[in-house]
Amino acid sequence: MGNSWDLLLRRARIATLTEADDALLGAELGAEHGDAAIAVAGGHIKWIGKDSALPAGASAVREIDCEGAWLTPGLIDCHTHVVYGGNRSHEFERRLEGISYEQIARDGGGIRSTVKATRDASVEQLVDQSAPRLARMRAEGLTTVEIKSGYGLDLASERRMLRAAQWLAESQHVSVRTSFLGAHAVPEEYAGQPDAFIDHLIEDVLPVLADEGLIDAVDAFCETIAFTTEQVDRLFVAAGKYGLPVKLHAEQLSDQGGAALVAKHQGLSADHLEYLSQSGVEAMAKAGTVAVLLPGAFYFLRETQRPPIAALRQAGVPMAVATDCNPGSSPLTSPLLAMNLACVCFGLTAAEALAGMTREAARALGLDDRGTLAVGQRADLALWNVDRPAELAYGMGHNPLALRVFQGVVEGPMVDRQHAVEDSGDPVLSPRL
Ligand code: NIG
Ligand code: FE
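This one's a predicted model, so the numbers in the text were calculated from it and none came from an experiment.

Novice: Help me understand the overall build of the chain, please; the structure alone is not making it clear to me.
Specialist: In terms of regular secondary structure, the chain is built from 16 helices and 18 strands. A compact globule built from 433 residues would reach a C-alpha radius of gyration of about 22 Å, and the chain, at 22 Å, matches this within 12%. Summarising its shape, the C-alpha atoms of the chain cover approximately 70 × 45 × 45 Å along the three principal directions. Excluding contacts between residues fewer than 6 apart, the proportion of contacts in the chain whose partners are at least 24 apart in sequence is 72%. If you sum the accessible surface of the chain, you get close to 16,400 Å²; carbon and sulfur atoms cover 49% of it.

Here it is, written out as structure tokens:
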């Protein structure tokens, strides 16, 4: 029938992550024989099914023999602060001496020390410092990343962070969603006046950045060392005026009722959640707000209280997993290790961790065009040299990525070898060459 596709991946095993099946991993196409295929054109999935059922006469500009390797959606990291200046290794050393994260913040360090370094950096310097972090994530099959502002805390510096995030999308071939986290900490110039700072964000900063098209969502830090629910509520009302969805750093160090607040605003996600109450769980379930679990911060801060995973499961709250990559509480640039930590520290299953870094992460960003493999979805894929998808959450410091496909364009560890294959006239590319 003369199909002409840009790309055809053959002889794969496929974890679709769709909810079509009851099994959490969705239809594991060709799981036993490695006989599934996916065809891509125009950056989207056009056909998916058994290799043996490919339409007669189907052809593609490039065909790849996956040799039974596993295909999943490209990984999606739905909570990062990957753009920032400097680092906080000196504070890490203080914490090793027994000083707490909160105490360091109260002493004027913490977020505020990264604010100093970030305010001093140009957009180019922010891009240069952040690119290697993002490159490490991309090397593990990441295709979409959320990036927050929140280390500028004034209009010009927040704008530079958000511009750097957009530049990184271009240079790193990743899809970037930006969140405005102006309410991350009270900056020095507003010391002791958090309400006045929130007013300033609402009146002078948010409207400008929203108008400049730099923001996809509005986030805040609701905590004793940051902002109250009343202050965050005012900011969220303002976000609604610009049609921006909201999300929140909630119940990370104490129960402030932040999850219920974000649910009240029909928010996309409540993130961290170690101190989440049962009423918070119920509010999230009712609103369809995603629980974003950040085990990197739990581990790095040596937290002992775990998020109420059983209650979230029981209530049917979708659970995403993210790195929370940031210089203070989670200097983590490995989505795969975040999946491992979610299993080991929080008790997720390996399948829940994979869904948390794909389908549920897309949901946490309000995106329905990615995170699963189905006809019509973006062709953002990862091909893995593993025998079972559970190996993705099992390994620590192990990266089994064979290929990454971003909007239909193939990249990966073997892309250089691909040219050698093409020069030899063999059109079939094997990830194990
Ligand atoms: O997600 N909780 C607030 N914000 C970050 C930490 C930021 C920092 O310490 O620089 C977080 O953990
Ligand atoms: Fe965070």
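Novice: Where do I start with the sheet that holds strand β7 (residues 75–77) in this structure?
Specialist: The pairing of strands in a sheet comes from backbone hydrogen bonds and takes either a parallel or an antiparallel form. Strand order in the open sheet made by the four strands is β7-β8-β9-β10, with parallel pairing throughout. Strands at the two margins of the open sheet, each flanked by one partner only, are β7 and β10 (217–220). Each neighbouring strand pair of the sheet contributes to a mean axis angle of 20°, computed without reference to strand direction. Sheet topology note: the β7/strand β8 (residues 142–148) ladder contains three bridges and is parallel. Looking at β8, one finds that D77 is bridged to V145. Each of β9 (175–183) and β10 touches helix α6 (residues 194–211); the most contacted strand, β9, lies at about 150° to it.

Novice: Help me out: how do you make sense of unusual backbone geometry in this one?
Specialist: Glycine aside, negative phi is the norm for most residues, and most peptide bonds take the trans geometry. Here E67, not a glycine, exhibits a phi torsion of approximately 50°, which is positive. Phi is positive for Q266, close to 55°, though the residue is something other than glycine. Within the secondary structure, Q266 sits in the loop between α8 (258–264) and β12 (269–272). Assessed through its relative accessible area of 57%, Q266 is described here as exposed.

Novice: Before we go on, may I ask you to explain the site of ligand 1 in this structure?
Specialist: Around ligand 1 there are 15 residues in total, and R88, Y101, Y151, Q252 and S329 lie nearest to it. Contacts to ligand 1 include R88, whose side-chain N or O atom sits 2.8 Å from an oxygen atom. A distance of 3.0 Å separates an oxygen atom of ligand 1 from a polar side-chain atom of H272. Here the shell around ligand 1 is built from residues that sort into four nonpolar, nine polar and two charged.

Novice: Please explain α6 as it appears in this structure.
Specialist: Two residues of an α-helix separated by three or four positions point the same way, owing to the 3.6 residues in each turn. Between the first and last C-alpha of α6 there are 24 Å, a value that for 18 residues agrees with the 26 Å anticipated at 1.5 Å per step. Along its length, α6 reaches its greatest deviation from straightness, about 40°, at L201. Along α6, the residues classified as buried are F197, I198, H200, L201, V205, L206, P207 and L209. Two residues or fewer past α6, G213 is found with a positive phi of approximately 70°.

Novice: Explanation requested: the packing of aromatic side chains in the structure shown.
Specialist: Centre-to-centre distance and the angle between the planes together describe a pair of aromatic rings. In total, this model carries six aromatic pairs according to the counting rule given. Here the aromatic rings of W5 and W47 are separated by 6.5 Å at their centres, their planes lie at 35°, and the arrangement is tilted. You can see W5 sitting in strand β1 (residues 4–15) and its partner W47 sitting in strand β4 (residues 44–50), a full 42 residues away along the chain. Just as W5 is buried, W47 falls in that class too. Taken together, Y190, F197 and F227 form an aromatic cluster joined through their ring pairs. One residue, R133, lies across the ring of Y84, its end atom 3.6 Å from the ring centre.

Conventions used here
- Residues numbered from 1 in each chain as written.
- Chains lettered and ligands numbered in written order.
- Predicted model: local features only at pLDDT ≥ 70, side-chain atom pairs only at ≥ 80, totals over all residues.
- Heavy atoms only, no water.
- Helix = DSSP H or I, 4+ residues; strand = E, 2+ residues; numbered from the N terminus.
- Rg over C-alpha atoms; globule rule 2.2 N^0.38 Å.
- Contact = heavy atoms within 4.5 Å.
- Areas by Shrake-Rupley, 256 points an atom, 1.4 Å probe, with all protein chains shown as cover.
- Pairing = 2+ DSSP bridges.
- Axes fitted to C-alpha atoms, helices over the stretch in contact; angles between N-to-C directions.
- Buried < 20%, exposed > 50% of the residue type's maximum accessible area, 1.4 Å probe, protein only.
- Near = heavy atom within 4 Å.
- Polar contact = N/O pair within 3.5 Å; in protein donor to acceptor, adjacent residues only side chain to side chain.
- Nonpolar A, V, L, I, M, F, W, Y, C, P; charged D, E, K, R; others polar.
- Expected span 1.5 Å × (residues − 1).
- Bend = angle between axes of the 7 residues up to and from the residue.
- Phe/Tyr/Trp six-rings, centres within 6.5 Å; stacked < 30°, edge-to-face > 60°.
- Lys NZ or Arg CZ within 6 Å of the ring centre and 35° of its normal.

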